[in-house]
Amino acid sequence: MPTKITSKEIAPIILRIAMSLVFLWFGSQQLIHPSNWLSFVPDSVVSFSHLSATILVHFNGAFEIVFGLALLFGFFTRTSALLLGLHLFNITLSLGLSAIAVRDFGLSMATLAIVFYGMDRFCLDYRMS
Amino acid sequence: MFQKFIPTIIFIIVALIFSVVITIIFSVGPNIVIVPSNSTNSVILNTTNPNPTPTTITTPKLTPTSAPKPKPKPAPTPVSATDSYTLSQIAQHGDSKSCWTTVNGGVYDITAWIDQHPGGAQAILGMCGIDASSAYNDQHDGQRRPTDELASFKIGTLR
């Protein structure tokens, strides 16, 4: 196993860790302060799921925490990044054309970029392979 | 071919189970109240569950750290709660200065609630001056706390 890390190898590591921290922060905020996120839950989702908006915010936060941790440690890197990226892209579509939606579109594409790159040298996947 | 994806599928299922467990902990956990065993009413109550099931527990003697702080209630509107109003009367109070709404036959002056709503002021402003029953039911139907909050603003019924 090579010991030196080239500059090209650092890029996907930064991308993966930075994106996982984004999901972990937003996920934790949704778990701690769900009331701040209730207005983002579409009415159609509430009526379709028959669950309260607070529970949906909690589940969304838990989803982002669990898969964000997996992405942070590089465990099932591609799968975690794919689910988080698609999840965020779906949220982006529901927001319509706004500043938040444009930002989230960029973040979702950055997350999907990890899917195409796959694991880096600091991933658990790499260590286990 | 399919066997290649089995670990991935197992990972997704386990991760989703974790997510559900965390959701349950955060949805139910904050509403659990542990009462010392020397109390006569040792029960756990979920305040957001519309049909709470009391569960008796016994715990070691605990010293309550602090009593829950009572929420400041908005000043009562000088109108009798038995009054009845028409939709046109409610429509005259359709802005942030005077925000009346009707939900499921009740009429409410929710002006003071605009800046206090946890889900943001915009959601309340959208209810001012109109029959907001469907919007309210879609968001809060069956939830105990919003129902209690709304009831505290009741000024009458819809004619």
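Residues numbered from 1 in each chain as written. Chains lettered and ligands numbered in written order. Predicted model: local features only at pLDDT ≥ 70, side-chain atom pairs only at ≥ 80, totals over all residues. Heavy atoms only, no water.

## Looking at the state of the cysteines
Residues and elements named next belong to chain B. For the structure on display, the rule yields one disulfide over all chains. C99 shares a disulfide with C128; S-S distance 2.0 Å. An S-S torsion of about -95° defines the bridge between C99 and C128 as left-handed. In this pair, C99 sits in the loop between helix 2 (87-91) and strand 4 (100-103) while C128 sits in the loop between helix 3 (121-125) and helix 4 (133-140), placing the two residues 29 residues apart along the sequence. (Disulfide = S-S within 2.5 Å. Helix = DSSP H or I, 4+ residues; strand = E, 2+ residues; numbered from the N terminus.)

## What to know about the confidence of the model for chain A
Summing up the model confidence of chain A, the mean pLDDT is 90 and the portion of residues at 70 or higher is 98%. Summarising per-element confidence for chain A, the mean pLDDT is lowest in helix 2 (residues 43-49) of chain A (83) and highest in helix 3 (residues 53-73) of chain A (94). (pLDDT = per-residue confidence, 0-100.)

## Considering unusual backbone geometry
Residue and element names in this part refer to chain A. Positive phi, close to 60°, is recorded for H50, a residue that is not glycine. For H50, the position within the fold is in the loop between helix 2 and helix 3. With a relative accessible area of 71%, H50 lands in the exposed category. A positive phi angle is found at F76, which is not glycine, with a value near 50°. Mapped onto the elements, F76 comes out in the loop between helix 3 and helix 4 (77-95). (Buried < 20%, exposed > 50% of the residue type's maximum accessible area, 1.4 Å probe, protein only.)

## Topic: the nonpolar core
Ranked by internal contacts, the top residues of the largest apolar core, which has 22 residues, are M19, F67, L71 and L84 of chain A. Sorting elements by how many residues they give to this core places helix 3 of chain A first, with seven residues. Those residues in contact with L84 of chain A that lie beyond four places of it in its chain are F23, F63, E64, F67, G68, L71 and T111 of chain A. By size, the runner-up hydrophobic cluster in this structure holds 13 residues, among which are W113, A132, Y136 and F153 of chain B. (Core = buried A, V, L, I, M, F, W, Y, C linked by side-chain atoms within 4.5 Å. Contact = heavy atoms within 4.5 Å.)

## Quick word on the interface of chain B and chain A
Contacts between the two partners involve 18 residues from chain B and, on the opposite side, 22 residues from chain A. The interface formed by chain B and chain A contains zero salt bridges. Counting across the chain B and chain A interface gives one residue pair in polar contact (both at pLDDT 80 or more). Elements with a minimum of two residues in the side of chain B that touches chain A: helix 1 (6-28) and helix 4 of chain B. Among the elements that line the side of chain B that touches chain A, the one with the most residues is helix 1 of chain B, at 13 residues. Residue classes in the side of chain B that touches chain A are distributed as ten nonpolar, seven polar and one charged. (Salt bridge = Lys/Arg side-chain N within 4 Å of Asp/Glu carboxyl O. Polar contact = N/O pair within 3.5 Å; in protein donor to acceptor, adjacent residues only side chain to side chain. Nonpolar A, V, L, I, M, F, W, Y, C, P; charged D, E, K, R; others polar.)

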